[in-house]
Amino acid sequence: MGFARTCSVALVGVEGVVVEVQAGLEPGIAAFTLVGLPDKSLTESKDRVRAAVVNSGESWPQKKLTVGLSPASVPKGGSGFDLAVACAVLGASERIDPRVLADIVMIGELGLDGRVRPVRGVLPAVLAAAGAGYEQVVVPECAAAEASLVPGVSVLGVRSLRQLIAVLTDEPVPEEDPDEQGRPDPLLAGLRMPGMGEATGLCGMAVPERDQGHDFADVVGQMSARTAMEVAAAGGHHIFLQGPPGAGKTMLAERMPSLLPRLSRQESLEVTAIHSVAGLLPPGKPMVDIPPYCAPHHSATMQSLVGGGKGLARPGAVSLAHRGVLFLDEAPEFSSFVLDALRQPLEAGHVVIARSAGVVRFPAKFLLVLAANPCPCGRFSAANDICECPPSSVRRYQSRLSGPLIDRIDLRVEVEPVTRSELTAAGALGESTRTVADRVSAARERSGVRLTGTPWHTNSEVPGRELRSRWQAMPGAMDEAERGLERGVLTARGLDRVLRVAWTVADLAGHDRPDAGDVALALQLRTGVPRGVPMMIGSR
C-alpha cells in the first residue's frame, strides 16, 4: 500500500487550523474517495486534481485511492486544498518522495490545465502554519508576496503543478508561457471579490500617502464638529453627528481615516488577514498599512454588518473596519436589530458568531461614526421652526437609536447648518488634514508613553477603574461630572467615558493631567450641553 502525507490549512473565521492531507493507495477497483468533513467545493476537487495531474504530464494511479483530511472533526471548505491533495497522491504513487512532502504546507487551487490559482486567506493560513512550527510553505506565485509577510517562513511561489513537481524531485524547472502583454492576469481572479470590477469604478484604486481628495480644510465652519472629530481620532472615541442634510456630516466622516496614524506592523497583519479572507486585498498590495474605512448602506442585513452567512460565518463590516473607521450614515434608517448588534463589539472589540458549523470569533475594534438627521424631514432644530414633522414623528425617529447604544458613544455633536457668510468667505479655509493629523499623532504619542506596559493603546480602551485609581484627574476636576451622575444625566458608564475623553483633551492640549476645563469640554462633547468652554483645542 502506497502512503504519503503533506499539510494544508483550513480557515475557521480568520484563524487557521493546520490539516494533514493523507493519501493511501491499495489494490482494487480504481476509485477516489475524499473523507474528513469536506464541503461541496472541496468534494469537487477530486475532478480538478485528477485533470490537473494528467494535464501536467503525470499518470493517475489506477488503484483504489483514499484521501483523508485530519483532524476529521474540523469542517473544511474551499479549493485551497487542491495542491496538497495532488502532491499527496503523487507521493503515494512514488512520483514524489513522501519524506519530502511531510513537513511542507501547501495552499492553492488547481486549474484543469495544472496552473496554480490563488485563494483567499493566504496570510492567515501562513500565520497558522508558522504558529504550528512549519517552516516551508508553497503558495501560488501571485500570492507569494502576501505569504512572505510572515517572518520565519520559507515561501515558495509556483505557477503550475509541473513546476512544483520539478522542485520537489530536483528536476529542471519548466518555464511557463507568459501571459499576453496588456491583458489582466487570469490567475488574479481568485483574489478579487465580486463587485470590484471595471463597471463599479473600484478596480485598480490606489491608496495615496494622504488622501488629497478629502482634505479637512474643505469642511466649511463646523468648529465644534471639527474639534470633536479631532478628539475622536486622538483617543479612538466613538462619535455621533446629528444635523440637517447638507451640513457636512458625511464630509467629516470621510476625512476621519486620514487623521488616524498609520497602522503598526501587528495591526497591519490583523487587518490584512481579515481583508484576505474577505477577498478584498487589491492586487499588487499585499499589506494594508492605513486604517480601513467601511460605510455600509442603511439597508445592510445583520450578516453583512456583523458577519455570518451559510456554514461557517464570514467577516462583516464591523470586522472589515477593524483598526479603522465604520461609518453608518442615516443611522436611524438601519434596522434596530442590526444597530443593537453593535453593542458587543463596541465594548469587547470583537464579535462572536455561533452557527451550527461552529463558533467563529472575528476582531472588531473600530472607531464608530454615526450620522443622523434630527427628524424625518431633517429640519428640526431649536433655532428655527421650519420643521413640518409632528412631535410624535420626531420622537419616533430619534428613538430608533436605542439608549444603550447611544450610551456607548463617547461624543455627541450637533452639526449646525452652514451659513452664507461661512460658505462665501474668502480665505476662510480651516486647518488642513496634515496639521490636524500631526496633533493627533502627538496626542497618541503622549498617551502611548503613559500606557506603556499595559494592554491598552488608546484612552478609549482604558477601563474606568484604572482611570479612577491609577490615572486620576486634577483634584476637583470631576466634581461637575459626578454631580451629573447624581442627577441621572450620566450613567456610570457615561462617567467613565467622560474621564476617558478628558484625558484625550488633556493629551491634545499638552496637559499632564485633566483639569476642570478639560473635563468641562469632555462633558460638553458627551452631553451636547454648553459648558462655557471654547471648542478649539488650540485656544486652550
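Residues numbered from 1 in each chain as written. Predicted model: local features only at pLDDT ≥ 70, side-chain atom pairs only at ≥ 80, totals over all residues. Heavy atoms only, no water.

Visitor: Mind showing me how you'd approach the overall build of the protein chain here?
Guide: If you tally the helices and strands in the protein chain, you get 23 helices and 18 strands. Split into buried and exposed, the 540 residues of the protein chain put 49% on the buried side. In the protein chain, once contacts between residues fewer than 6 apart in sequence are set aside, the share between residues at least 24 apart is 71%. (Helix = DSSP H or I, 4+ residues; strand = E, 2+ residues; numbered from the N terminus. Buried < 20%, exposed > 50% of the residue type's maximum accessible area, 1.4 Å probe, protein only. Contact = heavy atoms within 4.5 Å.)

Visitor: When you look at unusual backbone geometry in this model, what are you seeing that I'm missing?
Guide: Glycine aside, negative phi is the norm for most residues, and most peptide bonds take the trans geometry. In this model, Ser 70 is joined to Pro 71 through a cis peptide bond whose omega is 10°. Even without being a glycine, Leu 37 presents a positive backbone phi close to 65°. Position of Leu 37 among the secondary structure elements: in the loop between strand E3 (31-35) and helix H1 (40-43). Its identity as a non-glycine residue notwithstanding, Arg 323 has a phi of 65°, on the positive side. Tracing the backbone through its elements, the reader meets Arg 323 in the loop between helix H13 (317-320) and strand E14 (325-328). On the accessibility criterion, Arg 323 (19% relative accessible area) is buried.

Visitor: In this structure, what is going on with the packing of aromatic side chains? I would like to understand it.
Guide: Per the stated rule, a full pass over the model turns up 2 aromatic pairs. Consider the rings of Trp 456 and Trp 471, whose centres lie 6.5 Å apart with planes at 80°: the pair is edge-to-face. Of this pair, Trp 456 sits in the loop between helix H19 (433-450) and helix H20 (464-469) while Trp 471 sits in the loop between H20 and helix H21 (479-486); the two residues are 15 residues apart in sequence, bridging distant segments of the chain. Residue Trp 456 shares its accessibility class with Trp 471, and that shared class is buried. (Phe/Tyr/Trp six-rings, centres within 6.5 Å; stacked < 30°, edge-to-face > 60°.)

Visitor: What am I meant to see in the sheet that holds strand E17 (residues 367-372) here?
Guide: Within a sheet, adjacent strands bond to each other through the backbone by hydrogen bonds, running parallel or antiparallel. Taking strand neighbours across the sheet as the criterion, the 5 strands line up as E11-E14-E17-E10-E18 in an open arrangement whose pairing is parallel. The open sheet terminates on both sides in strands that have one partner only, identified here as strand E11 (293-294) and strand E18 (411-414). In this structure, strand E10 (residues 239-242) lies alongside E17, joined through 4 bridges in parallel fashion. Each bridged residue has a counterpart across the sheet, and for Phe 240 the counterpart in E17 is Leu 370. (Pairing = 2+ DSSP bridges.)

Visitor: Would you mind showing me how to read the pairing of strand E8 (residues 136-140) here?
Guide: The side chains of a regular strand alternate between both faces of the sheet. Taken across its 5 residues, E8 has 4 buried, putting it largely inside the fold. Pairing of strand E5 (residues 104-106) with E8, which is carried by 3 bridges, proceeds in the parallel orientation. In the sheet register, Val 105 faces E8, and the bridge partner there is Val 137. Across 5 bridges, the pairing between E8 and strand E9 (residues 154-158) is parallel. Among the inter-strand pairings, Pro 140 is bridged to a residue of E9, identified as Val 158.

Visitor: What is the right way to look at the nonpolar core in this model?
Guide: General note: in soluble globular proteins, nonpolar side chains tend to be found buried as a group. Within the largest apolar cluster, 53 residues are counted, with the highest numbers of intra-cluster contacts made by Ile 239, Leu 241, Met 256, Val 369, Ala 481 and Val 519. The element best represented in this core is helix H22 (residues 492-509), accounting for 8 residues. In contact with Ile 239, not counting residues within four places along its chain, are Ala 228, Met 229, Ala 232, Leu 368, Val 369, Leu 370, Ile 409, Leu 411 and Val 413. (Core = buried A, V, L, I, M, F, W, Y, C linked by side-chain atoms within 4.5 Å.)

Visitor: What exactly am I supposed to notice about the state of the cysteines here?
Guide: What makes a disulfide is a covalent bond joining the sulfur atoms belonging to two cysteines. Enumeration according to the criterion identifies 0 disulfides in this entry. The thiol sulfur of Cys 377 is not disulfide-bonded, and the nearest other cysteine sulfur, from Cys 375, lies at 3.4 Å. Cys 389 carries a free sulfur, and the closest cysteine sulfur to it, the one in Cys 377, is 3.6 Å from it. (Disulfide = S-S within 2.5 Å.)

Without other data, these values stay purely geometric and don't point to any function.
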